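Observations on the three-dimensional arrangement
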Protein chains: 2
Amino acid sequence: MIIVGGPAANGIDEKISKILKYDLVKVEHKIFPDGESYIRFPKSLENEEVAIVQSTYYPQDKHLIELFLMIETARDMGASKVSAIVPYLAYLRQDRRFKDGESLSIKTVLGILNDVGCDSLIVVEPHKIDALKYFNGEIKIIDPIPALAREIRKEVENPFVLAPDRGALNRAERLAKELNAPFTHIEKERDRTTGEVRIKELPTDNFTGKDVILIDDIISTGGTLELASITSYKLGAKKVIAAAAHTLLVNNALDRLKKAGVKDIIGTNSVKVEAEIKIADISDLIAVKL
Amino acid sequence: MIIVGGPAANGIDEKISKILKYDLVKVEHKIFPDGESYIRFPKSLENEEVAIVQSTYYPQDKHLIELFLMIETARDMGASKVSAIVPYLAYLRQDRRFKDGESLSIKTVLGILNDVGCDSLIVVEPHKIDALKYFNGEIKIIDPIPALAREIRKEVENPFVLAPDRGALNRAERLAKELNAPFTHIEKERDRTTGEVRIKELPTDNFTGKDVILIDDIISTGGTLELASITSYKLGAKKVIAAAAHTLLVNNALDRLKKAGVKDIIGTNSVKVEAEIKIADISDLIAVKL
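Residues numbered from 1 in each chain as written. Chains lettered and ligands numbered in written order. Predicted model: local features only at pLDDT ≥ 70, side-chain atom pairs only at ≥ 80, totals over all residues. Heavy atoms only, no water.

In terms of regular secondary structure, chain A is built from eight helices and 16 strands. By the burial criterion, 57% of the 290 residues in chain A qualify as buried. Counted over contacts in chain A with a minimum sequence separation of 6, partners at least 24 positions apart contribute 62%. Carbon and sulfur atoms make up 46% of the accessible area of chain A, which totals about 12100 Å². Charge-centre separation for chain A: the mean point of 41 positive side chains lies 4 Å from the mean point of 44 negative side chains. (Helix = DSSP H or I, 4+ residues; strand = E, 2+ residues; numbered from the N terminus. Buried < 20%, exposed > 50% of the residue type's maximum accessible area, 1.4 Å probe, protein only. Contact = heavy atoms within 4.5 Å. Areas by Shrake-Rupley, 256 points an atom, 1.4 Å probe, with all protein chains shown as cover. Lys, Arg positive; Asp, Glu negative; His and termini not counted. Charge placed at Lys NZ, Arg CZ, Asp CG, Glu CD.)

It is worth spelling out empty space enclosed by the protein at this point. As enumerated under the stated definition, the model contains two cavities of 30 Å³ or more in all. One number sums up the size of the largest cavity: a volume of about 60 Å³. Lining the largest cavity are 15 residues, with Tyr 88, Leu 89, Leu 92, His 127 and Ile 218 of chain B positioned closest to its centre. Elements with a contribution of two residues or more to the lining of the largest cavity: strand S7 (120–124) and strand S13 (211–219) of chain B. The class makeup of the residues in the lining of the largest cavity is nine nonpolar, two polar and four charged. In this structure, the second largest cavity spans a volume of roughly 50 Å³. If you go around the second largest cavity, you meet 13 residues; those closest to its centre are Tyr 88, Leu 89, Leu 92, His 127 and Ile 218 of chain A. Split into classes, the residues belonging to the lining of the second largest cavity amount to eight nonpolar, two polar and three charged. (1 Å grid on protein atoms, 1.4 Å probe; cavity = no way out; pocket = protein on both sides within 12 Å on 5 of 7 lines; lining within 4 Å. Points joined across faces, edges and corners; volume = space filled by probe spheres on them. Nonpolar A, V, L, I, M, F, W, Y, C, P; charged D, E, K, R; others polar.)

Residues and elements named next belong to chain A. When cut into domains, chain A gives domain 1 (2–142) and domain 2 (145–281). On the domain 2 side, the residues contacting the 12 residues of domain 1 number 13 residues. Across the domain 1/domain 2 interface, buried area totals approximately 1200 Å², and carbon plus sulfur atoms make up 53% of it. For the domain 1 face of the interface with domain 2, the top three residues by lost area are Asn 10, Tyr 88 and Glu 125, together amounting to 47%. (Domains from an automatic or database assignment. Buried area = accessible area lost by both parts, 1.4 Å probe.)

Residue and element names in this part refer to chain B. If you walk across this open sheet you meet the six strands as S10-S9-S13-S14-S15-S16, and the pairing is parallel. Edge strands, defined here as strands with exactly one partner in the open sheet, are strand S10 (183–185) and strand S16 (278–280). If you compare each strand with its neighbour and ignore which way they point, the axes differ by 25° on average. Relative to S13, strand S9 (residues 159–163) runs parallel, the two being bridged by four bridges. (Pairing = 2+ DSSP bridges. Axes fitted to C-alpha atoms, helices over the stretch in contact; angles between N-to-C directions.)

As a further point, take the interface of chain A and chain B. In this assembly, 45 residues from chain A lie in contact with 45 residues from chain B. Taken together, the two surfaces of chain A and chain B that pack against each other cover about 3800 Å², and 50% of this comes from carbon and sulfur. Sorting the residues of chain A by area buried against chain B places Asp 34, Glu 36 and Ile 65 of chain A first, and these three jointly supply 16% of that buried surface. Counting across the chain A and chain B interface gives 10 salt bridges. In this structure, the salt-bridge partner of Asp 76 of chain A is Arg 97 of chain B, at a minimum N-O distance of 3.0 Å. Taken together, the connections running from chain A to chain B amount to 30 residue pairs in polar contact (both at pLDDT 80 or more). (Salt bridge = Lys/Arg side-chain N within 4 Å of Asp/Glu carboxyl O. Polar contact = N/O pair within 3.5 Å; in protein donor to acceptor, adjacent residues only side chain to side chain.)

The subject of this paragraph is the sheet that holds strand S8 (residues 138–142) of chain A. Residues and elements named next belong to chain A. Read from one edge to the other, the open sheet built from six strands follows the order S2-S1-S5-S6-S7-S8, with strand pairing classed as parallel. The open sheet is flanked by strand S2 (23–26) and S8, the only strands paired with a single partner. Sheet twist, expressed as the average angle between the axes of neighbouring strands with direction ignored, equals 20°. Across four bridges, the pairing between strand S1 (residues 2–5) and strand S5 (residues 49–53) is parallel. Each bridged residue has a counterpart across the sheet, and for Ile 3 the counterpart in S5 is Ala 51. The sheet contacts of helix H2 (residues 60–76) involve S5 and strand S6 (81–86), and relative to S6 the element is tilted by about 160°.

You can overlay chain A on chain B at an RMSD of 0.0 Å; the transform is a turn of 180° with a shift of 0.0 Å along its axis. What we have between these two chains is a two-fold relation. Relative to the rotation axis, the C-alpha of Asp 61 of chain A is the closest in chain A, positioned 2.7 Å from it. The share of interface residues of chain A whose copies in chain B are also at the interface is 100%, consistent with both copies meeting through the same surface. (Least-squares fit on C-alpha atoms with pLDDT ≥ 70 in both.)

Residues and elements named next belong to chain A. The positions that UniProt labels "active site" (unreviewed entry) are, in the present scheme, Lys 188. Topologically, Lys 188 is positioned in strand S11 (residues 187–190). Apart from the residues lying within four places of it in its own chain, the contact partners of Lys 188 are Pro 164, Asp 165, Val 197, Arg 198, Ile 199, Lys 200, Thr 224 and Leu 227. (UniProt positions renumbered as here; feature names shortened; annotations may be inferred.)

All names here are of chain B. Taking 1.5 Å per residue as the helical rise, helix H6 (residues 223–234) with its 12 residues ought to reach 16 Å, and the 17 Å between its terminal C-alpha atoms agrees with that figure. Buried within H6 we find Leu 225, Ala 228, Ser 229, Thr 231 and Ser 232. Angularly, the buried residues of H6 cover 165° about the axis, an arc narrow enough to put them on a single face. Packing partners of the buried residues in H6 comprise S9, strand S12 (197–201), S13, strand S14 (239–247), helix H7 (253–259) and strand S15 (262–268). Phi for Gly 236, located one or two positions after H6, is positive at around 100°. (Expected span 1.5 Å × (residues − 1). Arc of directions from axis to C-beta.)

Below, the discussion takes up the UniProt feature "domain: Phosphoribosyltransferase" (unreviewed entry) in chain A. UniProt marks residues 145–250 of chain A with the feature "domain: Phosphoribosyltransferase" (unreviewed entry), using the numbering shown here. Secondary structure content for residues 145–250 of chain A is 30% helix and 33% strand, while the C-alpha to C-alpha distance between its ends is 22 Å.

Moving on to the packing of aromatic side chains. All chains considered together, the criterion is met by four aromatic pairs over all chains. Aromatic side chains Phe 160 of chain A and Phe 207 of chain A sit 4.8 Å apart centroid to centroid with 50° between the ring planes, which places their arrangement in the tilted category. Taken as a pair, Phe 160 of chain A in strand S9 (residues 159–163) and Phe 207 of chain A in the loop between strand S12 (197–201) and strand S13 (211–219) lie far apart in primary sequence, 47 residues in all. The same class applies to Phe 160 of chain A as to Phe 207 of chain A, namely buried. A centroid spacing of 5.9 Å and a plane angle of 85° characterise the contact between Phe 32 of chain B and Tyr 38 of chain B, whose relative ring orientation is edge-to-face. A residue is classified by how much of its surface remains accessible, and Phe 32 of chain B, at 28% relative accessible area, is partly exposed. For the cation-ring pair, Lys 30 of chain A lies above Tyr 38 of chain A, with the distance from its terminal atom to the ring centre recorded as 4.8 Å. (Phe/Tyr/Trp six-rings, centres within 6.5 Å; stacked < 30°, edge-to-face > 60°. Lys NZ or Arg CZ within 6 Å of the ring centre and 35° of its normal.)

Here's what the structure looks like:
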């Protein structure tokens with residue numbers, strides 16, 4: 001197998017190739033003055049099994065188009081099998097038509113991956129696993145919790161895992177098991193008139209003296225975790241840290257979380273993060289699945 | 001038929017709908033804080049023939065993904081036929097593998113248009129018509145020359161049309177016919193060692209007292225037309241203007257052309273142009289093909 005590093009491989013390509021001792025091919029790429037992407041494989045891929053590493057963090061659409069170009073080109077060059085390692089898969093949250101006439105964006109994205117010739121898809125902590133049904137091929141899901149737990153252990157003494165909403169409960173349970181810690185979640189509800197999300201029920205647990213670890217799949221604007229952090233301190237938490245597979249940290253998320261008392265943020269290298277947060281490497285977790 | 005205006009319709013959707021008296025549906029769209037596009041059709045498309053207007057100027061990849069989402073969503077909503085009106089189609093210049101291992105990007109883009117459910121494709125002045133062979137469906141090509149000629153006539157008294165290279169010769173011939181003017185071209189060659197492009201042979205025509213109109217399909221960085229303008233003045237031109245279907249004008253193209261003596265630039269509304277140039281409307285030329 002050949003590991004291919006795309007423009008948004010974020011270093012994971014090199015690490016996997018080193019762990020598995022597989023050949024690494026770095027794709028030649030540039031952006032033309034007008035903004036179009038250029039892609040070239042500098043080596044023959046004929047009759048080779050190829051695993052293309054390309055995440056799809058911001059700018060998502062550019063990284064997606066580059067991924068489509070790489071897969072089809074690898075196919076055209078005679079690769080015998082093409083896997084796409086997409087640590088962060090964009091558009092996974094657009095998995096339902098909340099209103100009539102909305103695009104089911106993840107269906108389109110996964111359909112295109114099929115059509116350009118992707119045989120196998122490897123994704124880290126998808127927002128909803130069910131949304132991957134639109135891909136017709138082999139799917140491998142990477143649980144980033146072991147990598148996050150490695151980093152979290154360095155930061156906490158008396159851990160308590162808190163899911164900021166019901167949707168993150170399963171993640172909290174997995175993390176709590178890794179850390180041998182208790183866990184709970186916040187129950188929220190949406191106001192039917194205003195659409196505002198508020199806390200319906202507080203955890204009954206006492207967080208006094210505890211290092212509370214907030215866990216989610218994605219940190220985007222930070223709104224969900226901001227509320228969870230404030231709540232944790234109200235319940236007596238000693239300190240609060242936040243962990244997520246994909247730390248997008250858009251707008252002023254970092255400031256917002258710091259102000260809400262979040263002492264540390266831990267993410268994985270599934271996305272490229274400019275802010276100074278702690279990064280857990282997921283390359284070994286991907287490598288064992290290849 | 002329903003005309004659909006996408007996020008990059010650039011006003012052409014409204015003009016076509018007005019000319020043909022067809023219903024216009026404006027797609028609801030926004031960009032989420034993390035950068036993902038959101039698309040929604042606010043009206044039923046069931047059993048309707050739909051023509052989606054979406055150009056793919058910069059940011060090309062975002063506009064392409066939006067186009068893919070719109071086509072598939074229209075299909076999912078039961079549209080009986082989906083046409084894509086893409087006045088400027090990105091990646092058309094990546095139509096050959098100049099080196100082994102390069103992506104044949106236009107093949108991938110056109111293949112995806114097929115796969116998401118596009119029945120018919122309408123494109124204005126493609127860089128090379130031959131590249132459209134990768135689309136399996138109805139193709140309609142819009143010649144923007146009549147629209148450009150309408151604007152050019154306002155600016156010139158004694159026109160002479162000049163193609164800046166052999167590739168633009170056919171365009172020059174079409175424009176010369178519209179303007180009832182003579183035309184010629186510059187013969188260029190590429191230095192085999194340095195890769196530099198230089199003039200091989202100057203036109204033998206005398207441009208004295210003439211308004212020279214440089215014509216090309218795309219003005220990108222302006223390098224090709226810069227050389228042609230300087231050459232025109234050397235051959236006695238009274239003034240030089242430049243016309244093209246797609247005025248991308250990247251980097252400092254506008255300054256560059258002004259400095260080379262180009263008095264006016266005329267483009268079409270196939271792309272959104274921030275610079276103050278003259279815009280020829282192509283909506284009526286598209287409407288007659290629907």
